[in-house]
Amino acid sequence: MSADTHSSTEDSIPDVVVNSDSDVRKVRRSLQNEDGPYKRLSTSLKIDTSSDQSSGSNGGEGRGFTQSENDIESHKIHQNYLFGFKKWKSHVTTRPLSSRSEIVQSLYADVSEVKKITVSTCGFWNILYAVLFGWWVAAVYCLVGGIMYITMVGKDYAFFCFRMADYFLWPFGKFVYLAKDDSQVTSSKVNSSASQESETSPLVKHSTDSNTSQVNGCEGFWGRSGSYVWLILGLPLIVLSHVVVMCVTWLLVISIGTAKVHWRTIRQILYLPPTEVKTGDSFVMDLDTRRRKKKGEILMYTHNAVNLYYYKYTVDGMNIIFVNLLFFVILSLILGYTDHENEHYSGVTKVILGILAIVPLTYYIGMAIICISAQSSYAVGAVLNATCGTVVEMILSVVVLNKGNNSGSACYVELVKSNLAGTIIGSILLIPGLCMIVGGVKFHSQRFNHASAGISSLLLFVAVSGVFAPTLFARMFGDLECQKCENFAINSTNNASIIDAYYLHCTRCRTDLSGLDGDMSLYNLHIKPLVYASAILLPIAYIVGMIFSLKTHAAQINADYMRSLEEANHEGHQHSVPMWSRIKSLTILLCSATLIAFCAELVSDNIKSFFKSSGISEYFIGILVIAMVTELPEIINGVQFSLENNVNLGIEIGTNTAIQVCMIQVPILVLIDLIYPFNLVMVFNDVHLYAVIFSVVVINYTFQDGKSDYFQGAALFIIYIVILCMYYFMPIPDEVKCT
């Protein structure tokens, strides 16, 4: 048994990695022993069977099973291994901060906390901060300080501004403290080395309750005549400067610590009595004055402008990167719906902003769905994942189809079909390929559940055959339409009057569903009924697959996982409160879906301007940009699973997404077109047909041995890039061009 104990605080819970069932039993016996070394690991047990020495009767080896700390997390993790559910990485319950690593805990520390300096403060990022922000923030303080000094009544604020100018020019290794009169304090000097306080009475204390400081500060703030001059002449310009720096540093993520310093200044420091706010060196702070003693309360401290681990920071359970991307939602809606005629902003800008706005909304919808599913039964969760799991793609498709129906352009229908084909190809090749590359580089070789992959492979064949059967039918019985045809005569003798044969040379030919004079009888009488038949059969196949995986053969498909889950359930689970309740999740789901509809409308309204300016192929944009933007959460989750030696879930994320697109999204689009006609002809371009079928064949060949490594992942990724290049350089028929 190999055990890895991660660095953590006293209350943190390390993880144990075990490689066999015997190791699991050993750990459990140790858990039952009060003096056992793993007594405190009962809430975080990670079981990894990826070692070549482990074996499973049904090909389940190589699957990293994570036993969660509470019932809701266990329910969510269980769903991750069942077909029909969106695989999800994030926690759906609130995790205590004490259970996180020291690095993560430091991200949430108050800015008043003094930390031990282990590196020089003269680093690259600190110098970059001084160059980009520090000098002009200090200049603003000096300017305001000069103005306040001229007013005479604001001299105290003038000196306050000069002190803060010195601080913000280079705040690293310094702190801002509040010095108050206290005749009872007997000590005269406090040595604070950024990690230690005096062994005597705590003359310098951390400001853990900022509200108390604000109340005490306000008592001496409003009684000064200079405070009102400060509010009028000095505060607005300084607050504006801090807001600019705070917004920029917060959006950059890695500099959130600097943003917290500026936020504390706006929220508290600027409203304190100016004579009591001091700045000091981080090593020695002398609070002894000539006439009386003072005690200090640390308000702010920082030693580094950047912390690269802030990408792990979360706000209300959401990763900070996706929270920051909500900025593009607001920006795109403001610019898009206030400048309808593109007088100030181009259509290209609006399309890019609209696509960027869809990314965080997609993540919020996924989080809302998984929170509801984790609090529901497996049947309800499966239905919810099947119907709402593709809600983003459905909204985009319907909005674009509606735009095409109103404009009468075939470009929008082709964009939707390119989006469908691109989602299928990317889910089959890109997502598993990236997961195998990342997992193979870190773990050399990984194994996945061969039985589960076999079910997904078979369903992929069923799904693709149902979606592309009308296309094959049209290719066999449709008319051949060519852009240009010329007659050539063959003369094998020297006599020009004798012609042996004629032949017809045609260029740019394609299969067309309409006959002479626009006759659509082939499509209406033969192909459209086939489309409806496929739209009925595909959801039935999906339901059969869910019953097979969730009910009748769940134990055989996930034998190793089910056995581990049953053993863990004997110990019971701690009840926990979900991060998002059902009502909150449903509200976020509806709001995000509404905002996506607005953003999709913005993209569709300006897509022609985008194609005209960029000159990029319509097929390429549909295959790559529109398709993969909505799949970004799946890509991120798959890579995270692979980094945890759980490539099985990473692969299933891609295959199940492709299955849902074919068996759920396409039939729903056909149903919507039947109720509200969009002129959606479910016959795909030849390139879509061959690319999808080839991708399915390749991924099925990859699944044969139940093993993955970076070479297989690189092969899938390169094939995906080759297909993208093919779409980029392919000629576009004039009738489907958006320009």
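Parameters at a glance
- Residues numbered from 1 in each chain as written.
- Predicted model: local features only at pLDDT ≥ 70, side-chain atom pairs only at ≥ 80, totals over all residues.
- Heavy atoms only, no water.
- Helix = DSSP H or I, 4+ residues; strand = E, 2+ residues; numbered from the N terminus.
- Expected span 1.5 Å × (residues − 1).
- Bend = angle between axes of the 7 residues up to and from the residue.
- Buried < 20%, exposed > 50% of the residue type's maximum accessible area, 1.4 Å probe, protein only.
- Patch = residues over 30% accessible without salt bridge, like charges linked within 9 Å, V, L, I, M, F, W, Y side chains within 5 Å.
- Areas by Shrake-Rupley, 256 points an atom, 1.4 Å probe, with all protein chains shown as cover.
- Salt bridge = Lys/Arg side-chain N within 4 Å of Asp/Glu carboxyl O.
- Axes fitted to C-alpha atoms, helices over the stretch in contact; angles between N-to-C directions.
- Parallel < 35°, antiparallel > 145°, perpendicular 65-115°, else oblique.
- Left-handed = near helix turned anticlockwise from the far one by under 90°.
- Contact = heavy atoms within 4.5 Å.
- Nonpolar A, V, L, I, M, F, W, Y, C, P; charged D, E, K, R; others polar.
- Polar contact = N/O pair within 3.5 Å; in protein donor to acceptor, adjacent residues only side chain to side chain.
- Core = buried A, V, L, I, M, F, W, Y, C linked by side-chain atoms within 4.5 Å.
- pLDDT = per-residue confidence, 0-100.
- Phe/Tyr/Trp six-rings, centres within 6.5 Å; stacked < 30°, edge-to-face > 60°.

1. As for helix α13 (residues 411-443)
Right, so step 1: In this model α13 runs 45 Å from its N-terminal to its C-terminal C-alpha over 33 residues, within 8% of the 48 Å that 1.5 Å per residue would give.
Right, so step 2: Along α13, the sharpest change in direction is near 40° and occurs at G426.
Right, so step 3: For α13, the buried fraction is high: 27 of the 33 residues fall into the buried class.
Right, so step 4: H444, located one to two residues past α13, shows a positive phi value of around 70°.

2. Brief notes about a nonpolar patch on the surface
Right, so step 1: A cluster of nonpolar side chains, namely L143, I147, I232, L233, L237, L240, V244, V248 and L252, defines an oily patch on the protein surface of about 770 Å² accessible area.
Right, so step 2: Those elements giving two or more residues to the nonpolar patch turn out to be α4 (124-150) and α7 (225-251).
Right, so step 3: By the secondary structure assignment, I232 is in helix α7.

3. Points about the packing of helix α20 (residues 632-643) against helix α21 (residues 647-675)
Right, so step 1: In the contact formed by α20 and α21, the axes pass within 6 Å of each other and the chain directions differ by 160°. The angle between α20 and α21 falls in the class roughly antiparallel. Between α20 and α21 the crossing geometry is left-handed. Residues E634, N637, G638, F641 and S642 of α20 lie in contact with α21, whose contacting residues are V647, L649, G650, I653 and T657.
Right, so step 2: Its residues assigned to classes, the contact of α20 with α21 comprises four nonpolar, five polar and one charged.

4. Some words on the packing of helix α12 (residues 391-407) against helix α18 (residues 582-614)
When two helices pack together, their arrangement is given by the angle between their axes and by how far apart the axes lie.
Right, so step 1: Contact geometry of α12 with α18 gives a least axis separation of 9 Å together with a crossing angle of 40°. Between α12 and α18, the crossing angle belongs to the class labelled oblique. Viewed along their axes, α12 and α18 form a crossing whose handedness is right-handed. Counting all contacts with α12, which are made through V392, I395, L396, V399, V400 and K403, the residues of α18 involved are A593, I596, A597, A600, E601, S604 and D605.

5. Comments concerning the side chain of T302
Right, so step 1: Its location among the elements puts T302 in strand β7 (residues 294-302).
Right, so step 2: Separated by 3.3 Å, the side chain of T302 and the backbone oxygen of N304 make a polar contact.
Right, so step 3: Ignoring anything within four residues of it in the chain, the contact list for T302 reads Y167, P171, F172, G173, K174 and V261.

6. Topic: the nonpolar core
Right, so step 1: Core analysis: the largest hydrophobic core is formed by 128 residues, its most contacted members being W580 and Y727.
Right, so step 2: Counting 33 residues, the second largest nonpolar core, distinct from the first, contains A138, M164, V261 and M300.

7. A short note on helix α19 (residues 618-630)
Because each turn of an α-helix spans 3.6 residues, side chains separated by three or four positions end up pointing in the same direction.
Right, so step 1: The end-to-end C-alpha separation of α19 is 18 Å, in line with the 18 Å expected for 13 residues at 1.5 Å each.
Right, so step 2: For α19, a buried count of eleven out of 13 residues is recorded, marking the element as mostly surrounded by other parts of the structure.
Right, so step 3: Within α19, burial applies to E618, Y619, F620, I621, G622, I623, I626, A627, M628, V629 and T630.

8. Observations concerning the confidence of the model for the chain
Right, so step 1: Of the residues in the chain, 70% have a pLDDT of 70 or more, and the chain-wide mean is 76.
Right, so step 2: Considering only residues more than four positions removed or in separate chains, one finds that residues 1-66, a stretch of pLDDT under 50, has 141 contacts.
Right, so step 3: In the predicted structure, residues 283-295 sits below a pLDDT of 50 and forms 43 contacts with residues beyond four places in sequence or in another chain.

9. A closer look at the packing of aromatic side chains
Right, so step 1: For the structure shown, the criterion picks out 23 aromatic pairs.
Right, so step 2: Each ring, one from F468 and one from F684, has its centre 4.8 Å from the other, and the planes form 40°; the classification is tilted. With F468 in helix α14 (residues 450-477) and F684 in the loop between α21 and α22 (686-702), this residue pair connects regions lying 216 residues apart in the sequence.
Right, so step 3: Relative accessible area serves as the criterion here: at 2%, F684 is assigned to the buried category.
Right, so step 4: An aromatic cluster is built from Y108, W250, Y310 and Y313, whose rings are joined through pairwise contacts.

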